[in-house]
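Report on the structure
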Amino acid sequence: MVRRIDRDQQRFDKIIKGKVRQQLRKYINHGEMLGRKGRETVSIPVPNIEIPHFQHGEKGSGGVGQGEGEVGQPVGRGKSEGDGQGQAGNERGQHIREVEMSLEELADMLGEALELPRIEPKGDDALTSQKDRYTSIRPTGPDSLRHFKRTYKRALRRMIASNNYDPRDPTIVPTRDDERFRSWKTVNEPHTNAAVIYMMDVSGSMTDVQKEIVRTEAFWIDTWLKRQYDGIERRYVVHDAVAHEVDEDTFYRVRESGGTRISSAYRAADYIIKRDFPPALWNIYCFQFSDGDNWGEDNTECIESLKQNLFPVCNLFCYGQVRSPYGSGDFIKELRKVEEEFDNLILSEIEDKEGIYGSIKTFLGTGK
Amino acid sequence: MVVTTHRPLPKELSDIQQEMEQHALDYGLDFFKTIFEVLDYEELSMFAAYGGFPIRYPHWRFGAQYDELMKGYSYGLQKIYEMVINTDPCYAYLLSANDITDQKLVIAHVYGHCDFFKNNAWFSHTNRKMLDQMANHATRVNRHIDEQGYEKVETFIDTCLSLESLIDPYAPHIRRTQKSESKADTQRRRAEDAESTGGRFPAKNYMDRYINPEDALEEEASQKRQKAMELSDQLKFPKERVRDVLFFLLQYAPLEDWQRDVLTIIRDEAYYFAPQGQTKIMNEGWASFWHSTIMTRHGLTDEGLINYADHHSGTMATSPNRLNPYKLGIELLKDIEERWNKGQFGPEYDNCTDMYEREHWDKDLGLGREKIFEVRRIHNDITFIDTFLTPEFCYKNRMFSFGFNDSNKTYEIQSREFQQIKQQLLSSLSNHGRPVIYVQDANYKNRGELYLEHEYLGIELKLDYAQDTLANLHSIWKRPVNIETVVDDRPTILNYDGKKHSTNSKEKQ
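Residues numbered from 1 in each chain as written. Chains lettered and ligands numbered in written order. Predicted model: local features only at pLDDT ≥ 70, side-chain atom pairs only at ≥ 80, totals over all residues. Heavy atoms only, no water.

1. Considerations on the packing of helix α5 (residues 208-228) of chain A against helix α10 (residues 356-364) of chain A
All names here are of chain A. Heads up, the rule is: Axis lines are fitted through C-alpha atoms, for helices just across the contact stretch, and the angle between N-to-C directions can take any value from 0 to 180 degrees. Each helix is a run of DSSP H or I of at least 4 residues and each strand a run of E of at least 2, with the numbering of both proceeding from the N terminus. These descriptions rest on fixed angle ranges, namely under 35 degrees for roughly parallel, over 145 for roughly antiparallel, 65 to 115 for roughly perpendicular, and the rest for oblique. Each helix crossing is assigned a hand: it is left-handed if the near helix lies turned anticlockwise from the far helix by less than a right angle, otherwise right-handed if that turn is clockwise. Note on contacts: a residue pair is in contact if any heavy atoms of the two residues lie within 4.5 Å. Each residue gets one label: Ala, Val, Leu, Ile, Met, Phe, Trp, Tyr, Cys and Pro are nonpolar, Asp, Glu, Lys and Arg are charged, and the others, such as Gly, are polar.
Running from amino to carboxyl end, α5 crosses α10 at an angle of 45 degrees, the nearest separation of the two axes being 10 Å. Considered as vectors, α5 and α10 are oriented oblique to each other. The two elements α5 and α10 cross, and the hand of that crossing is right-handed. Residue-level inspection shows Ile213, Thr216, Glu217, Trp220, Ile221 and Trp224 of α5 in contact with α10, the latter providing Ile356, Ser359, Ile360, Phe363 and Leu364. Among the residues making up the contact of α5 with α10, the classes are represented as 8 nonpolar, 2 polar and 1 charged.

2. Considerations on the interface of chain B and chain A
Going by this rule: For any pair of parts, buried area is found by adding up, for both, the accessible area (1.4 Å probe) each one loses once the two are put together. By convention in these notes, a salt bridge is any Lys or Arg side-chain nitrogen within 4 Å of a carboxyl oxygen on Asp or Glu. Pairs of strands are assigned from DSSP output, requiring at least two bridges between the strands.
Every contact between the two is made by 91 residues of chain B and, on the other side, 55 residues of chain A. Regarding the contact of chain B and chain A, the summed buried area is about 6700 Å², with carbon and sulfur atoms giving 52% of it. Linking chain B to chain A there are 7 salt bridges. A salt bridge links Lys59(A) to Asp489(B); the nearest nitrogen and oxygen atoms lie 3.6 Å apart. Ranked by residue count, the leading element in the side of chain B that touches chain A is helix α3 (residues 60-74) of chain B, at 10 residues. Broken down by class, the residue content of the side of chain B that touches chain A amounts to 36 nonpolar, 28 polar and 27 charged. In this sheet, strand β4 (residues 399-405) of chain B lies alongside strand β2 (residues 62-66) of chain A in antiparallel orientation, the contact comprising 5 bridges. Pairing of Gly62(A) across the sheet is with Gly403(B), part of β4(B).

3. A look at the nonpolar core
Proteins that are soluble and globular tend to have nonpolar side chains buried together. Put simply, the test is: Side-chain atoms within 4.5 Å are what join buried Ala, Val, Leu, Ile, Met, Phe, Trp, Tyr and Cys residues into a set we call a nonpolar core. Classification of residues uses two cut-offs on accessible area relative to the type maximum, computed with a 1.4 Å probe and protein chains only: under 20% is buried, over 50% is exposed, and between them is partly exposed.
Counting 104 residues, the largest nonpolar core has Phe287(A), Leu249(B) and Leu450(B) as the members making the most contacts within it. If sequence neighbours within four positions are ignored, Phe287(A) has contacts with Val196(A), Ile197(A), Tyr198(A), Met199(A), Ile221(A), Leu225(A), Cys318(A), Phe363(A) and Leu364(A). If you look at the next biggest cluster of nonpolar residues, it comprises 58 residues, including Met20(B), Leu94(B), Val375(B) and Cys394(B).

4. What to know about a positive patch on the surface
Residues and elements named next belong to chain A. This is how the line gets drawn: Note that patches include only residues with greater than 30% relative accessible area and no salt bridge, and the join distances are 9 Å for like charges and 5 Å for nonpolar side chains (Val, Leu, Ile, Met, Phe, Trp, Tyr). Accessible surface area values rest on a Shrake-Rupley calculation with a 1.4 Å probe, where residue burial reflects the displayed protein chains alone. Under the convention used here, Asp and Glu are negative, Lys and Arg are positive, and both His and the chain ends fall outside the count. Throughout, a charge is located at the NZ atom of Lys, the CZ atom of Arg, the CG atom of Asp or the CD atom of Glu.
Side chains of Lys149, Arg150, Lys153, Arg154 and Arg157 sit close together on the surface and give a patch of like positive charge. The residue Arg157 is located in helix α4 (residues 148-161) in this model. Arg157 gets classed as exposed once you look at its relative accessible area, which sits at 55%.

5. What to know about the sheet that holds strand β2 (residues 82-85) of chain B
Residues and elements named next belong to chain B. The 3 strands are arranged β1-β3-β2 in an open sheet whose pairing can be described as mixed. Two strands lie at the open edges of the sheet, namely β1 (34-39) and β2, each paired on one side alone. With direction set aside, neighbouring strand axes in the sheet form an average angle of 15 degrees. With 4 bridges connecting them, β2 and strand β3 (residues 90-95) associate as antiparallel partners. Counterpart to Val84 in the pairing with β3 is Ala92. Relative to the sheet, helix α4 (residues 100-119) contacts β1, β2 and β3, its axis offset from that of β2 by approximately 20 degrees.

6. Considerations on helix α11 (residues 257-278) of chain B
Threshold: Residue count minus one, scaled by 1.5 Å, sets the expected span of a helix. We define the bend at each residue as the angle formed by axes fitted to the 7 residues ending at it and the 7 residues starting at it.
The terminal C-alpha atoms of α11(B), which comprises 22 residues, lie 32 Å apart, in line with the 32 Å expected from a rise of 1.5 Å per residue. Most pronounced at Tyr272(B), the bend in α11(B) amounts to some 30 degrees, and the proline Pro275(B) follows within four residues.

7. Observations concerning the side chain of Asn324(B)
Residue and element names in this part refer to chain B. Cut-off, in case you're wondering: Polar contacts, as used here, are pairs of N or O atoms within 3.5 Å; protein pairs need one atom able to donate a hydrogen and one able to accept it. Residues neighboring in sequence count only if both atoms are side-chain atoms.
Following the sequence through the fold, Asn324 ends up in the loop between α13 (305-316) and α14 (325-342). Among the residues examined, Asn324 registers a relative accessible area of 3% and is labelled buried. Looking at Asn324, its side chain comes within polar contact range of the main-chain oxygen of Thr315, at 2.7 Å.

8. Overview of the pairing of β3(B)
Residue and element names in this part refer to chain B. Buried residues dominate β3, accounting for 6 of its 6 residues. Here β3 shows no split at all, with Cys90, Ala92 and Leu94 on one side and Tyr91, Tyr93 and Leu95 on the other all buried. Of the pairings in the sheet, the one linking β1 to β3 comprises 6 bridges and is parallel in character. Of the residues in β3, the one forming a bridge with Phe36 is Ala92.

9. Observations concerning unusual backbone geometry
Residue and element names in this part refer to chain B. Pro89 follows Asp88 through a cis peptide bond whose omega is 0 degrees. Structurally, Pro89 can be placed in the loop between β2 and β3. Phi at Asn431 takes a positive value of approximately 50 degrees, unusual for a residue other than glycine. For Asn431, the location among the structural elements is in the loop between α20 (418-429) and β6 (437-444). You can call Asn431 buried: its relative accessible area is 15%. We note that Asp488 has phi near 50 degrees; this positive angle belongs to a residue other than glycine. Within the secondary structure, Asp488 sits in the loop between β8 (481-487) and β9 (490-496). A residue is classified by how much of its surface remains accessible, and Asp488, at 52% relative accessible area, is exposed.

10. Re the pattern of salt bridges
Per the stated rule, a full pass over the model turns up 51 salt bridges over all chains. With its nearest N and O atoms 3.0 Å apart, the salt bridge here joins Asp15(B) to Lys11(B). Within this pair, Asp15(B) and its partner Lys11(B) are both found in helix α1 (residues 11-26), separated by 4 residues, close to a single helical turn. Under the relative-accessibility criterion, Lys11(B) is labelled exposed at 61%. For Arg140(B), the salt bridge identified is with Asp261(B), shortest N-O distance 2.5 Å. With Arg140(B) in helix α5 (residues 130-148) and Asp261(B) in helix α11, the pair connects residues that are 121 residues apart, well separated along the chain. Considered together, Arg140(B) and Asp261(B) belong to a single accessibility category, that of buried residues. A network of salt bridges, in which partner residues are shared, links Glu233(A), Arg235(A), Glu245(A), Arg275(A) and Asp276(A).

Okay, here's the thing in C-alpha cells:
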C-alpha cells in the first residue's frame, strides 16, 4: 500500500531535485561533488526549501534564556539549533538538507541542462554481448539465489495466517512452499567500447585553482561519458616536462611542479592507445587540460604528434586551456591553426570556475 | 473512516494506562476519553508530520517534515516519545521503542495534556471533531486536484501557507463589532447627493445677491465639503484595520471558488492550531508537572529510576539561547503552588520589603493545588508570564534576556534585571513570536492596492522573506501590494507590483 506520506515525500523529493536542476550550474562550477566520488550516490547540500512568511529577522530580536553568564556574553550566533534531547519542538532549526542522488541521475540532468546530444558510437553495431540481469522472482532455484527477505515474509505471513505465530517466540521456519528465488533474464546489449584518456598539465605554472578546475571538469565529463557507454575504460596522464600514467586517485590528488612539455603527454597517450585500445574496436576520447604555457620548441612536435598519432584514431580530441595567472598560455593558438583541418578537434578556453559549465558543453555538445 | 491503526494496546501497557489514568483522576484531572496506540518510529513520524492527524490533504511539506523527523532520528539528533491530539476522544500515540518507564512517564504526561485541552479556556473554541474536519478538508482538496490538476492546487496551497499566520488568534473569543454601511445605505446617500442643487437658486441677475447671499452660499459649500470629507472617510475601506488578513482576503480578493475553498481550509486549520502556539509553555509545563508528580509518587520502580531521571532531565534541559517551555512551565507552576500554599501573595506580602521575612513567609494556607488548577483553566502563556513571573523566580532560575547585537552578528546576554527579562519574554511570546500585521487600506492610492501595516515593536522583518511573502500576497490580491514596516530603523514601505519589488522610505511618500 502506498502511504499518504510516501506520496508527499516523493513530491518533496521531486521539488528538491528540481532545485538541484536549477542550481546545477553552481554545483558543477564549484565542484561540490568532488571528493564524494567512489560511491554510486552523492549527497548534495540544497538549501532547505521553505515557505516564506512575514517573520522576524535578527535585527532587534532576542529572547530569554537560562544559565550562567555575564551581561554581554554571547549566547549563540544566529538562530539556534534544537536542544538535542527532548520532544520535537515546534520551532524549526536551520538545517541544510542533503539530497541523495545517483550519479546517473546527475548525468541525465547535466545532459538535459546542457542539451547534450546522445553520443553515437562508432564501431560494429552487430557486436552485441549477452548479459544476465536478475530481475524477477520464481518459486524454484538454487539455494545460492534464495531471496531471504521474500522467503521470510511469506513464511511469516503463513504463520500469522495459520495462527502459529507467537510474538514472544518469534521463530519463523520457512517451508518449501515459502521459498522464493531470484531469477534472471538474458538480455542482448549492443557492445560499445569507449576509452577516455585524461591528460593534465601539473607543471609549476598550474596553480591549485587551475588544477581544481581541470579536475571538476574531468569529473563531469567522466560522469556523462559513463552514462553513455556501458563499459568505459579510463586512463590518466599527468605531465610536466615528462609524462606519467597514473591511476584515477592520483590524478585527482597529485601536486607537481616543473617545466612543461606537452608532447610528452601525447606520446604517453599514443602509447596507451597502442597498448590497450585498438582503434577499430574502441571509441577513443582524449581530454587534455593545460594552461597552455608550453616550452616553445615543443609546439611543433606536439602538432606533429597529434596529426600522426592521435587525430586519426580519436572520436574527439578536446583541449581545454585554463587561464593562468602566470605565463603566456598560447598553446591554443597553435591548435587553432589546425582546427579547421580536423573536425574531431575541439578547443575551449576556461577563464575561471564559472567557465566550467560552458566548456563541458563545448566539448560534449558535438555528440561524437 | 480509518483514523487509527486499530491496534489494541498490549496488556502490559493497558495495565499501565489504567493505573496512570486512575492516578490522574485521583489528582482531579479531568479529560476526554483517551485512546492510546503504540506506533513504531516511522509511523509516529508520519503522524507527527501531519500534525497528529492521520488524514490531511496532500502536500509536500508534510513529506519534508517527515523526511526531517526520520533523518533527525536516524542521526540520533531527536526523538519523539509521544504525540497527542486535541480531539474528543483524545488520541495519543506512543513510541513502541520506549522502555516501560518511558511509557509510564509519557502516559502520565499525555493525561496532563488531555486535561489541559479539555479545560483551558483558549481551547474552548477548537473543533473537537477535528479528525473528521481534517479528513473532510483532504477530500475537498483532492476534489480540487482532480478538477484543477495537482501542481496548480499545490502551488496555490504554497501561497496560502505563506500567509497562514495572518490570522487573529483572539477572534474566536471576542466579537469584533464592525458594522459596515450596507450597500443600500450607500446608494441612498449617493442618490441624495445627486439630487441636491449646486446651492444656488435660479434668480434674475439683479435679484441674485438677495436670493443667493454670498455668505450663505459659502456656508453651504463648506458644509458640503465637510460632508464629502466625512463620506470619503466612511468610504475608506476597510474602515478599521483588520487583523484577520486571511478573512479579509476571503471576502474581497478576486478568487476562484476552488481557491476560496482552499484558503478557507488553510485558515480553519490555522485557527485550530493557534491555541497550541498560545499555550505552549503552560501546556507542556502542566503535562510535565503531572508526569513528574505521578511518577515520583506512584509510578517509579527501583529499576526505572535512572531511566526516569534521564528522560525527565533530558526534557527539562536548558540551553543558554533557547527557552525550554517544558522547564519554564513546570517551574512556574511549582512556584505558584508553593506561593499559594505559603500565602506568598496579596497586598500584605507584596508590600513586605523585609527580604528575610519574605523568604520565610509561610501562612500555611494550602491553596496551591487549587490555584494551579485555576491557572490552567484561564491563562495563556502571555497572561501566565505576566501574572506569575516574579523577580525571585527569575533569580532562582538564573534567567536572563538576550538580544541580537547587530555589530558583531551575535546574540548576547543583555540583562538579568527582572523587568527587562519579563519584557523580553512577553514580547517574544506575543503573537506566538510572529509579527503582528493588519490590513490598513484595501484601496491604497485609490488604485485598489493593498496596504498592510506591520505593527513594529522593535524587531524588524526578515526582508527577503517579507518580499517573497508579498509576492505570494500579490498572486492572491492581483493588484500591487504594500507593507509598512521599519527597515534599518526607518519607517519604510515595501511594495510589490507584480513585476518588481521596491523599498521606499515612508517620508518620501
